[in-house]
Amino acid sequence: MAGNNLYLIGYRATGKTTVARLLSERLSCQAVDADDIIETRAEMPIKEIFAVDGEAGFRDLETEIVKELSQRSDTVVALGGGALQRPENRQQLFGTGVMIWLQAAAETIQRRIEGDPATAERRPNLTVAGGFQEIQQLLSAREPVYQECADYQVDTEDKSPESVADAIHSWFVQHGYDKA
């Protein structure tokens, strides 16, 4: 059935990839991370894609991947934090599933990023400032889009990935999206 994907949206380090895996187990479906697919397709980490092709090149590849993911069904998709910034990506996804916004405070996001060495290796700074200023700046710019697109929001502050997945699963089933 088309339209039954579950898209996890939100800033990096809000738990999208981990929660997607947990939800896929609960829903007996596939989980994918859009950024992982981008890196596989490009055969390089996102940081390198930015260095070689710039942000525009990365976003073009991301748009290609979003289009492909929107054609799937029964899939939990962890989208990149900036994927919804392009209107064509939002249009492509609307009607193909529900969007769940995973939220966290800027301070929490910074702490999580600093605690994950893979993030520094894989992800570039997106602003000159980098660090906490970047997080605040991008959250401020992206939150209105997340708000507009979200069918449901989950605050991930002080919550385990399991409890976040449980909350989303309950909401998903309660609203008749579970295919079981």
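Residues numbered from 1 in each chain as written. Predicted model: local features only at pLDDT ≥ 70, side-chain atom pairs only at ≥ 80, totals over all residues. Heavy atoms only, no water.

Asks: What exactly am I supposed to notice about the overall build of the chain here?
Replies: The number of helices and strands found in the chain is eight helices and five strands. Counted from the first residue to the last, the chain has its helices and strands arranged as β-α-β-α-α-β-α-β-α-α-α-β-α. Structurally, the chain occupies a C-alpha span of about 45 × 35 × 25 Å along its principal axes. The burial tally for the chain puts 48% of its 180 residues in the buried class. Counted over contacts in the chain with a minimum sequence separation of 6, partners at least 24 positions apart contribute 76%. (Helix = DSSP H or I, 4+ residues; strand = E, 2+ residues; numbered from the N terminus. Buried < 20%, exposed > 50% of the residue type's maximum accessible area, 1.4 Å probe, protein only. Contact = heavy atoms within 4.5 Å.)

Asks: I keep staring at unusual backbone geometry and nothing clicks. Help me out?
Replies: Across residues other than glycine, the phi torsion is negative in most instances, and most of the peptide bonds are trans. Of note in this structure, Ala 13 is not a glycine but carries a positive phi near 70°. Take Ala 13: it is sitting in the loop between β1 (5-9) and α1 (16-27). The exposure class assigned to Ala 13 is partly exposed, which follows from its relative accessible area of 28%. The phi angle at Glu 43 is positive, at roughly 60°, despite the residue not being glycine.

Asks: Explain the packing of aromatic side chains here, please?
Replies: Given two aromatic rings, one states the distance between the centres and the angle between the planes to describe the pair. Applying the stated criterion across every chain, the model contains three aromatic pairs. Measuring from centroid to centroid gives 5.7 Å for Trp 101 and Tyr 146, while their planes differ by 45°, and the two rings are tilted. Placement of the pair is Trp 101 in strand β4 (residues 97-103) and Tyr 146 in helix α7 (residues 131-149), with a sequence separation of 45 residues. For Trp 101, a relative accessible area of 5% translates into the label buried. Look at Tyr 152 and Trp 171: their rings are 4.9 Å apart centre to centre, the planes differ by 10°, and that puts the pair in the stacked class. Of this pair, Tyr 152 sits in strand β5 (residues 152-155) while Trp 171 sits in helix α8 (residues 161-174), placing them 19 residues apart in sequence. (Phe/Tyr/Trp six-rings, centres within 6.5 Å; stacked < 30°, edge-to-face > 60°.)

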